[in-house]
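Residue-level structure breakdown
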Amino acid sequence: MGTIIEQLYVTRAGWLSRHSALHLAVAAAKSCLEQAGCRPDELDLLLNAGLYRDRNLGEPALAALIQDDIGAHPEDPHTGEHGTFSFDIANGTCGVLTALQIVDGFLRSHVIERALVVASDADPGHRLSERFPFSAVGGAALCRWTDDEYGLGPVQWVNNLDGGDSFRATVSQADNRNVLRFNESDSLDDDYAAAGYEAVAACLQQAELDLAEVDSIVAAPACPGFRSALATKLGIPSSRVTVAEDEHIHTAALIAGLERDEPRRSAGARTILVAVGAGVTAGAALYNAPPNRTAR
């Protein structure tokens, strides 16, 4: 029994949406729901794991704006009637895996039936960032519960605290504007790979599996250096680690990696999801693929 992903969708920014994480998330969410044949008002829960957004705004929660724009019960809640609960999660590259863990808890308790995880990042624009390093991309994953032998297993977390030395993003005043700046260490790929390896090892131990019994590994971030370093730590070829095609995707990288790996997954295939981000924080979980993503 577990949480399964019914549908995945990844969308890229056009000229008019290159500075809008909101527009990217909404576009991905709408397309994901449409392809799954799911109406917005069927959603019980919407989680936004995106981080870098329009004009560096911290409030209101972007999830609430996404909920309103896709038409998932935008009106005030009515006592005793169906509604959609939405909120943001801020955990960088690990945000989607964190969201899936939260969704699994809600579905496991049977208080909801359908959940949507969205993630998007975009240059805040208007000289509000300095050398923004991430692609403007949005992703969405529609989830539900199954009583069959498929779904998401427990997430194993590892924290190798480095005080933000590996990667840091800060917003500070410059010329009367809030400017977003980034700092990355030369050892980031190796630091991330070391934490990722620990998380995968803990995941395998919990599942009582050897790595040889796993069919695929889907990892985030999508940086080639991290992918290579993680594969080396695991003692496997880099080709066994699937990442998003675009190495500059940030919070939506795990969704993009899953979408890229999906055609190669058969029913019951064992996939390890591993995400590593600033902190250094790493998480890993085993995912047993259902027969197909649209079977409901």
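The notes below deal with the structure included here.

How each quantity is defined
- Residues numbered from 1 in each chain as written.
- Predicted model: local features only at pLDDT ≥ 70, side-chain atom pairs only at ≥ 80, totals over all residues.
- Heavy atoms only, no water.
- Helix = DSSP H or I, 4+ residues; strand = E, 2+ residues; numbered from the N terminus.
- Buried < 20%, exposed > 50% of the residue type's maximum accessible area, 1.4 Å probe, protein only.
- Pairing = 2+ DSSP bridges.
- Axes fitted to C-alpha atoms, helices over the stretch in contact; angles between N-to-C directions.
- Parallel < 35°, antiparallel > 145°, perpendicular 65-115°, else oblique.
- Left-handed = near helix turned anticlockwise from the far one by under 90°.
- Contact = heavy atoms within 4.5 Å.
- Nonpolar A, V, L, I, M, F, W, Y, C, P; charged D, E, K, R; others polar.
- Disulfide = S-S within 2.5 Å.
- Polar contact = N/O pair within 3.5 Å; in protein donor to acceptor, adjacent residues only side chain to side chain.
- Expected span 1.5 Å × (residues − 1).

Further remarks concern unusual backbone geometry. Of the consecutive residues Ala220 and Pro221, the connecting peptide bond is found in the cis state with omega at 10°. By the element assignment, Pro221 lies in the loop between strand S10 (216-220) and helix H5 (224-234). Gly279 connects to Val280 through a cis peptide bond whose omega is -5°. Along the polypeptide, Val280 turns up in the loop between strand S12 (270-277) and strand S13 (281-288).

Moving on, we get to the pairing of strand S5 (residues 137-146). Looking down a regular strand, the side chains alternate between one sheet face and the other. Counting buried residues in S5 gives 10 out of 10 residues, a clear majority hidden from the surface. Alternating positions in S5 separate into two faces, Val137, Gly139, Ala141, Cys143 and Trp145 on one and Gly138, Ala140, Leu142, Arg144 and Thr146 on the other, with burial throughout. Both strand S4 (residues 114-121) and S5 contribute to a ladder of eight bridges, which runs antiparallel. Of the residues in S5, the one forming a bridge with Val117 is Ala141.

Once that is clear, we can look at the packing of helix H1 (residues 21-36) against helix H2 (residues 62-70). Where H1 contacts H2, the two axes come as close as 10 Å, and the packing angle between them is 50°. Between H1 and H2, the angle is such that the two are oblique. The hand of the H1/H2 crossing is right-handed. Between H1 and H2, the contacting residues are Ala21, Leu22, Ala25, Val26, Ala29, Lys30 and Leu33 on the first element and Leu62, Leu65, Ile66, Asp69 and Ile70 on the second. A breakdown of the residues in the contact of H1 with H2 according to their chemical character gives 10 nonpolar, no polar and two charged.

Turning to the state of the cysteines, a few remarks are in order. Taken as a whole, this structure holds zero disulfides when the rule is applied. Looking at the unpaired Cys38, the closest cysteine sulfur is the one in Cys32, lying at 8.5 Å. You can see Cys143 has no disulfide; the closest cysteine sulfur is in Cys32, sitting 8.5 Å from it. For Cys143, a relative accessible area of 0% puts it in the buried group.

Following the sequence through the fold, Arg53 ends up in the loop between strand S2 (45-48) and H2. Classification of Arg53 as buried rests on a relative accessible area of 10%. Within polar-contact distance, the side chain of Arg53 engages the side chain of Asp88 at 3.3 Å. Excluding its chain neighbours within four sequence positions, the residues that come into contact with Arg53 are Ala21, Asn48, Gly58, Pro60, Leu62, Asp88, Ala122 and Pro124.

Below, the discussion takes up H1. Between its first and last C-alpha, H1 extends 23 Å over 16 residues, near the 22 Å set by a 1.5 Å rise per residue. For H1, the set of buried residues is Ala21, Leu22, Leu24, Ala25, Val26, Ala28, Ala29, Cys32, Leu33 and Ala36. Looking at the buried residues of H1, the elements they touch are strand S1 (2-12), H2, S4 and S5. Gly37 lies just past H1 and shows a positive phi near 70°.

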